[in-house]
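Each chain, written out:
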Amino acid sequence: MFHSFWMILLLATLNIPSVWSQTIETQTEDQRIEQLRTENENLKKKLEIEKLRKENEELKKTLELDTLQNENVQLKKQVVLPPGEIAVKKDQKIKPDFSNDNSETPLDSNFIPERGNALFIGGVERSKTEGELQYMARPLWTVKALTYDASASFEIGIFKKTSIGAELSYILMDESQYHYGVASTRNGQNETYKDKGFYDPLFSIKHRLLDQEFSSIYFDLELQYSPKVMKAEQSSTTKKGSPGKGGQAISLGGRFTKKTHFITAYLQGDYRYATNRRIKDLDDSSLIASDWRDELLAGCGLQKLLTQSVAIEIGFNYFWDNAYTISTETTESLIGRSKGTEVLFQALAYSQSKRMMIGVRQTFITTNEHDKIQNNVSFNYVDDQQSKT
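Criteria and cut-off values
Residues numbered from 1 in each chain as written. Predicted model: local features only at pLDDT ≥ 70, side-chain atom pairs only at ≥ 80, totals over all residues. Heavy atoms only, no water. Helix = DSSP H or I, 4+ residues; strand = E, 2+ residues; numbered from the N terminus. Contact = heavy atoms within 4.5 Å. Areas by Shrake-Rupley, 256 points an atom, 1.4 Å probe, with all protein chains shown as cover. Salt bridge = Lys/Arg side-chain N within 4 Å of Asp/Glu carboxyl O. Buried < 20%, exposed > 50% of the residue type's maximum accessible area, 1.4 Å probe, protein only. Pairing = 2+ DSSP bridges. pLDDT = per-residue confidence, 0-100. Polar contact = N/O pair within 3.5 Å; in protein donor to acceptor, adjacent residues only side chain to side chain. Core = buried A, V, L, I, M, F, W, Y, C linked by side-chain atoms within 4.5 Å. Phe/Tyr/Trp six-rings, centres within 6.5 Å; stacked < 30°, edge-to-face > 60°. Lys NZ or Arg CZ within 6 Å of the ring centre and 35° of its normal.

1. A look at the overall build of the protein chain
Part 1 of the reasoning: Along the backbone of the protein chain there are 2 helices and 19 strands.
Part 2 of the reasoning: Here the contacts in the protein chain between residues at least 6 apart in sequence split such that 57% fall between residues at least 24 apart.
Part 3 of the reasoning: Per element, the accessible surface of the protein chain, about 25,700 Å² overall, is 59% carbon and sulfur.

2. Here we look at the pattern of salt bridges
Part 1 of the reasoning: Within the structure shown, the criterion is met by 11 salt bridges.
Part 2 of the reasoning: For arginine 272, the salt bridge is made with glutamate 295, and the minimal N-O distance between the two is 3.0 Å. Of this pair, arginine 272 sits in strand 10 (residues 264–274) while glutamate 295 sits in strand 13 (residues 293–305), and the two are 23 residues apart along the sequence.
Part 3 of the reasoning: Given a relative accessible area of 36%, arginine 272 falls into the partly exposed group.
Part 4 of the reasoning: The residue aspartate 321 makes a salt bridge to arginine 293 at a minimum N-O spacing of 2.5 Å. One end of the pair, aspartate 321, is in strand 14 (residues 310–321); the other, arginine 293, is in strand 13, and 28 residues separate them in sequence.
Part 5 of the reasoning: Given a relative accessible area of 3%, aspartate 321 falls into the buried group.
Part 6 of the reasoning: In this structure arginine 293 comes out as partly exposed when scored by relative accessible area, which is 21%.
Part 7 of the reasoning: Salt bridges here are not isolated pairs; linked through shared partners, they connect Asp270, Arg272 and Glu295.

3. A closer look at the pairing of strand 11 (residues 277–281)
Part 1 of the reasoning: On strand 11, burial follows the alternation: Arg277, Ile279 and Asp281 on one face are buried, whereas Arg278 and Lys280 on the facing-out side are not.
Part 2 of the reasoning: Direction of pairing for strand 7 (residues 232–234) relative to strand 11: parallel, over a ladder of 2 bridges. Note that in strand 11 the partner of glutamate 233 across the bridge is lysine 280.
Part 3 of the reasoning: Looking at chain direction, strand 11 and strand 12 (residues 287–290) are connected through 4 bridges and run antiparallel.

4. Thoughts on the confidence of the model for the protein chain
Part 1 of the reasoning: Per-residue pLDDT for the protein chain has a mean of 83; in total, 84% of the residues score no lower than 70.
Part 2 of the reasoning: Contacts for the low-pLDDT stretch residues 80–101, under 50 throughout, to residues beyond four places or in other chains number 28 contacts.

5. Some details on the sheet that holds strand 12
Part 1 of the reasoning: The sheet built from 6 strands is open, its strands ordered 8-7-11-12-15-16 with mixed pairing. Of all the strands in the sheet, just strand 8 (242–243) and strand 16 (332–335) have a single pairing partner and so form its edges.
Part 2 of the reasoning: Sheet topology places strand 7 next to strand 8; 2 bridges connect them, and they run antiparallel. Each bridged residue has a counterpart across the sheet, and for glutamate 233 the counterpart in strand 8 is serine 242.

6. With respect to the side chain of aspartate 270
Part 1 of the reasoning: Its place among the elements puts aspartate 270 in strand 10.
Part 2 of the reasoning: A relative accessible area of 15% means that aspartate 270 is categorised as buried.
Part 3 of the reasoning: In this structure the side chain of aspartate 270 is engaged in a polar contact, spanning 3.5 Å, whose partner is the backbone nitrogen of glycine 253.
Part 4 of the reasoning: Excluding residues within four positions of it along the chain, aspartate 270 makes contact with Ser251, Leu252, Gly253, Glu295, Leu296 and Leu297.

7. Regarding the nonpolar core
One recurring pattern in soluble globular proteins is that nonpolar side chains are buried together.
Part 1 of the reasoning: Within the largest apolar cluster, 8 residues are counted, these being Leu107, Phe111, Leu119, Ala311, Leu348, Tyr350, Met357 and Val382.
Part 2 of the reasoning: Those residues within four positions of phenylalanine 111 in sequence are excluded, and the remaining contacts are Glu104, Thr105, Pro106, Leu119, Glu155 and Lys206.

8. What about the packing of aromatic side chains?
Part 1 of the reasoning: A complete count under the given rule lists 7 aromatic pairs for this structure.
Part 2 of the reasoning: Taken together, a centroid distance of 5.1 Å and an interplanar angle of 80° make the contact between tryptophan 141 and tyrosine 178 edge-to-face. Placement of tryptophan 141 in strand 2 (residues 138–159) and of tyrosine 178 in strand 3 (residues 162–180) is noted, with a sequence separation of 37 residues between them.
Part 3 of the reasoning: A residue is classified by how much of its surface remains accessible, and tyrosine 178, at 22% relative accessible area, is partly exposed.
Part 4 of the reasoning: In textbook terms, an aromatic cluster arises when at least three aromatic residues are bridged by ring pairs, as seen for Trp141, Tyr178, Tyr180 and Tyr193.
Part 5 of the reasoning: Note that arginine 186 overlies the ring of tyrosine 180, its terminal NZ or CZ placed 5.4 Å from the centroid.
Part 6 of the reasoning: The side chain of arginine 255 reaches across the aromatic face of tyrosine 266, ending 3.9 Å from its centre.

The following block contains the structure:
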């Protein structure tokens, strides 16, 4: 009996490690399963996140492609439409804004031909002048003059935003009727003087110093020079005079231009200097000499583009010059400082297909000596090499 008890106890003792081992193995397998389950969940989350990320990338690419395609369509529409038009939906009514286009045409008041392009201008001008000169508060003479001029000029682009030009004008008819007053030794007499011939030529160079297209701000500088070329003769009652100046002249001017969606505005200034002049008096073949003189001009203006081919403009200028002396072989006279205003109205019509433009301008000039009204009609032709190719 005692022996049997110890045998049972020994067998139980030998069996304990095996049971313990099985318990440990069971717990290890459970932990491993849980670990694997956790890893699988994490991998699934990572895969899902990666899938979502790829889907987002695809969506972004699709949206970007759609945006670029829409932009491309709009740009193509704008290229097809004439300058200044904007693409609109079907049945949508909208007023085109022509001034929103930064591309320049001859309609622009600050137009400069591109390199290789040229602008040819021919014009006829009619001027009517009425004035009076007084001496010691008494009338010396009154004058009424009527003049018809013809002019031809060109401007060629030689560099980017730089051009050179030349102008030549001719008097078709100039007739001035003088009535002498009580301050003159010819009191009560009437005399008529006529001129005909070429003016001195005018050469110019223009350059754009400031060109900010994003803000539509421009500043142009222009230098002009007129040499002594043509005859300078003062008419008599029996002989026609010649309109040469009898001296040289030079001027330097600048123009600041600002374009908006509605209108174009500009400010301008100009300084002119003329050398001593010598003019032949056809009445007695004597020489009339005058001192050098200079003149300042300041002005402003507004231009409105009504359509892509029609523009109107209004401008105002104020000018004044210094006093100078005129002398002959026997007399000498001091001509006082003069000043005046100039108001102009202009309408322009441009055909891009024919590269032609016509302009009509009326100018009112008032000085302390006379009043003048000028009517000008001009015809412009644009030789655009780029449009030919």
